[in-house]
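Each chain, letter by letter, is given below.
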Amino acid sequence: MKPHTIAMFLIAWSGATLACTPSRESGATATPARSAADPEMTAFIAKIRTVDNHSHASSVAPGDSDQDALPLEVLLPFEVPVQLRPDNPDWLAAYRAMYEYPHSDLSDAHMSELRGTMRRTAQERGDTFPAWVLDQVGTEVLLTNRVAMGPGLAPPRFRWVSYVDALMLPLSTKAEAAISPDREKLFPLEDKLLRRYMSDLGVANLPATLDAYLKTVVTPTLEAQQRGGCVAVKFEAAYLRSLDFEDVPAATASRIYVKYASAGEPSHADYKALQDFLFRYIAREAGRLGMAVHIHSFEAAGNFFVAAGADPFLLESAFNDPALRQTHFVIIHGGGVYASHAGAMLWKPNVYLDMSAMTLLDTPRKLAEVLRDWLTQYPEKVLFGSDAAAFGPDMGWELAAWIATRNGRAALAWALTDMIRDGEVSRARAEEIAMMVMRTNAGTLYRLELK
Ligand SMILES: [Zn+2]
């Protein structure tokens, strides 16, 4: 999910004086541990420089409008869970760690002092601010999911993950948008992004045939993204439809495309069939171009999100498509409430998952249990991720990155400690797994040259 999109909602809250208890110095959360994490394992994991599989880092450009294809502030207001509210002690802990905030409360006077420090730090660091953030949180490489990269987000430390849902939506989306008040606001943003992709290619009008659309819009856009440094493309389709992308014959898709390319409203069934075809085409092309395919799988966000439509089991037919076995899929946010379903998909040779957003929304203890389940099965396919994004003026992406990275390290230490104590893995193997999850699995998947 994209937490920054709730910014305005949170800003409204932040005016209130918040009673906040300081976070424990240990770096763990307030969740009582059933067993303490092994101190050596904790220390080992603390030193690992991570590869963060998923974030929406801000560039240093004023306004930074390329941060998101579907900025969810258009869905406001919607209620956010406790972890994302400004009075969650995690934010105070992050202020202290990142900006040497000396106070243990969030009074108006102290917050205005903090805002001054944050502004000064950003100004003084300039273009190097994002890299400074990575140094602070111990991240070597951050994958950042954006419409386009921007100043301050240069490779090799920042790697681009683009958005491709718009390419799946060439026909009128009016009927699709009418399905819910949320979708009514989201579909026009996809229409706008497709027009931007077409304009980047100098294509003024939608081509008359599906074949021409694939050859002059879809493939050239993906090729341009790959040339632009993209390591993966991202589908946030779960905000717009369910994830059951069926195998639709090209002839069927072509017929639907031709019928509605110039005018008219496709039926939901027809449009779904065309989208299904395009999803698999895009996934196949991404694989050919060496880019992974990221798919949002989590039970939020918004007032009308359909959680059942984000179940990773719905992707099974696409994962099982022999024509897509050259494509690496990554289930982003680990399936959320469907974490065990995401884990079951790891049997497929080309499927991975990450823990992003879970590192912000779950307690480390709860995440540890999820991780343990995954790590006992396919430790080479589990990736660390934060979903760091700007939540609002007092909740920048750098603070979210700090919280999520701290939580991810704590959860992993707990999971591996339990596995050692139960005799499931040796200490040496546990350290190896820690390194894989926090760093080298992603390094291998994206062919990164890590230091
Ligand atoms: Zn995200």
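Please read all numbers here as calculations on a predicted model, not as lab measurements.

### Quick word on the overall build of the chain
Next up, step 1: When its secondary structure is counted, the chain shows 16 helices and eight strands.
Next up, step 2: When its C-alpha atoms are laid out on the principal axes, the chain stretches across 65 × 50 × 35 Å.
Next up, step 3: Within the chain, one finds 44 positive and 54 negative side-chain charges whose respective centroids are separated by 3 Å.

### Focus on the nonpolar core
Next up, step 1: In terms of nonpolar packing, the biggest core is built from 139 residues, with Y95, L167, L371 and L416 touching the most fellow members.
Next up, step 2: Ranked by residue count, the leading element in this core is helix 15 (residues 397-421), at 14 residues.
Next up, step 3: Setting aside its immediate chain neighbours within four residues, L416 contacts M41, I45, L375, A430, I433 and A434.
Next up, step 4: Membership of the second largest hydrophobic core comes to 15 residues, among which are V141, A292, A442 and Y446.

### Thoughts on the sheet that holds strand 2 (residues 139-145)
Next up, step 1: Sheet architecture is open: eight strands sit in the order 1-2-3-4-5-6-7-8, paired in parallel fashion. A single partner strand is all that each edge strand has here, and the edge strands are strand 1 (50-52) and strand 8 (382-383).
Next up, step 2: Pairing between strand 6 (residues 329-332) and strand 7 (residues 351-354): three bridges, direction parallel. Within the sheet, the bridge partner assigned to I331 lies in strand 7 and is L353.

### Re the side chain of S297
Next up, step 1: Here S297 shows up in the loop between strand 5 (292-296) and helix 11 (316-319).
Next up, step 2: Using a relative accessible area of 0% as the deciding quantity, one classes S297 as buried.

### Some details on the pairing of strand 2
Next up, step 1: Judged by how many residues are buried, strand 2 sits mostly within the fold: seven of seven residues are covered.
Next up, step 2: Of the strand pairs in this sheet, strand 2 and strand 3 (residues 158-163) are connected by four bridges, and their pairing is parallel. Paired with L143 across the bridge in strand 3 is R159.

### Examining unusual backbone geometry
Next up, step 1: The omega torsion of the bond from P155 to P156 falls at 10 degrees, within 30 degrees of zero and hence cis.
Next up, step 2: Structurally, P156 is set in the loop between strand 2 and strand 3.
Next up, step 3: The backbone phi angle of R447 is positive, close to 50 degrees, even though this residue is not glycine.
Next up, step 4: Here R447 is to be found in the segment after helix 16 (427-445).
Next up, step 5: Overall, the relative accessible area of 58% leaves R447 in the exposed class.

### Observations concerning the pairing of strand 7
Next up, step 1: Because side chains alternate across strand 7, one face comprises the buried residues V351 and L353, and the other comprises Y352 and D354, equally buried.
Next up, step 2: The parallel pair strand 6 and strand 7, bridged by helix 12 (residues 339-345), forms a crossover whose chirality is right-handed.
Next up, step 3: Bridge analysis of strand 7 against strand 8 gives two bridges, and the strand direction is parallel. The residue bridging L353 from the neighbouring strand is V382, located in strand 8.

### Re the packing of helix 7 (residues 181-200) against helix 8 (residues 210-227)
Next up, step 1: In contact at an axis separation of 10 Å, helix 7 and helix 8 are set at 85 degrees when each is read in the N-to-C sense. Classified by the angle between their axes, helix 7 and helix 8 sit roughly perpendicular to one another. Residue-level contacts link L194, Y197 and M198 of helix 7 to Y213, V217, T221 and Q225 of helix 8.
Next up, step 2: When grouped by side-chain class, the residues that make up the contact of helix 7 with helix 8 number five nonpolar, two polar and no charged.

### Some points on the packing of aromatic side chains
Next up, step 1: As enumerated under the stated definition, the model contains eleven aromatic pairs in all.
Next up, step 2: Geometrically, the ring pair formed by F129 and W132 is tilted, given 5.6 Å between the ring centres and 35 degrees between the ring planes. Of this pair, F129 and W132 both sit in helix 5 (residues 129-137), separated by three residues, roughly a single helical turn.
Next up, step 3: When its relative accessible area of 12% is taken as the criterion, W132 is described as buried.
Next up, step 4: Pairing Y239 with F305 gives two aromatic rings, centres 5.2 Å apart and planes at 75 degrees, and the pair type is edge-to-face. Here Y239, found in the loop between strand 4 (230-235) and helix 9 (250-260), pairs with F305, found in the loop between strand 5 and helix 11; they are 66 residues apart in sequence, far enough to count as distant.
Next up, step 5: Judged by relative accessible area, Y239 falls into the buried class, the value being 4%.
Next up, step 6: Counting every residue linked through ring pairs, the aromatic cluster contains Y99, F129 and W132.
Next up, step 7: Lying across the ring of Y352, K381 places its NZ or CZ 5.9 Å from the centre.

### Here's the deal with the confidence of the model for the chain
Next up, step 1: On average, residues of the chain score 93 in pLDDT, and 92% of them are at 70 or above.
Next up, step 2: Contacts of residues 1-33 to residues separated by more than four positions or lying in other chains number 95 contacts, the stretch itself having pLDDT below 50.

### With respect to helix 14 (residues 364-375)
Next up, step 1: The end-to-end C-alpha separation of helix 14 is 15 Å, in line with the 16 Å expected for twelve residues at 1.5 Å each.
Next up, step 2: Summarising burial for helix 14: nine of the twelve residues are buried, a large majority.
Next up, step 3: All buried positions along helix 14 are accounted for by P364, R365, L367, A368, V370, L371, R372, W374 and L375.
Next up, step 4: Buried residues belonging to helix 14 abut helix 12, strand 7, helix 13 (358-361), strand 8, helix 15 and helix 16.

### A few points about the environment of G396
Next up, step 1: Assignment of secondary structure puts G396 in the loop between strand 8 and helix 15.
Next up, step 2: Separated by 278 residues in sequence, G396 and M118 have C-alpha atoms that sit 9.5 Å apart.
Next up, step 3: Dropping the residues within four chain positions of it, G396 is found in contact with A389 and A390.

### Overview of the environment of P181
Next up, step 1: For P181, the location among the structural elements is in helix 7.
Next up, step 2: Owing to a relative accessible area of 37%, P181 belongs among the partly exposed residues under this scheme.
Next up, step 3: Between the C-alpha atoms of P181 and D422, which are 241 residues apart in sequence, the distance is 49 Å.

What counts as what
- Residues numbered from 1 in each chain as written.
- Predicted model: local features only at pLDDT ≥ 70, side-chain atom pairs only at ≥ 80, totals over all residues.
- Heavy atoms only, no water.
- Helix = DSSP H or I, 4+ residues; strand = E, 2+ residues; numbered from the N terminus.
- Lys, Arg positive; Asp, Glu negative; His and termini not counted.
- Charge placed at Lys NZ, Arg CZ, Asp CG, Glu CD.
- Core = buried A, V, L, I, M, F, W, Y, C linked by side-chain atoms within 4.5 Å.
- Buried < 20%, exposed > 50% of the residue type's maximum accessible area, 1.4 Å probe, protein only.
- Contact = heavy atoms within 4.5 Å.
- Pairing = 2+ DSSP bridges.
- Right-handed = clockwise from strand over helix to strand, strands pointing away.
- Axes fitted to C-alpha atoms, helices over the stretch in contact; angles between N-to-C directions.
- Parallel < 35°, antiparallel > 145°, perpendicular 65-115°, else oblique.
- Nonpolar A, V, L, I, M, F, W, Y, C, P; charged D, E, K, R; others polar.
- Phe/Tyr/Trp six-rings, centres within 6.5 Å; stacked < 30°, edge-to-face > 60°.
- Lys NZ or Arg CZ within 6 Å of the ring centre and 35° of its normal.
- pLDDT = per-residue confidence, 0-100.
- Expected span 1.5 Å × (residues − 1).

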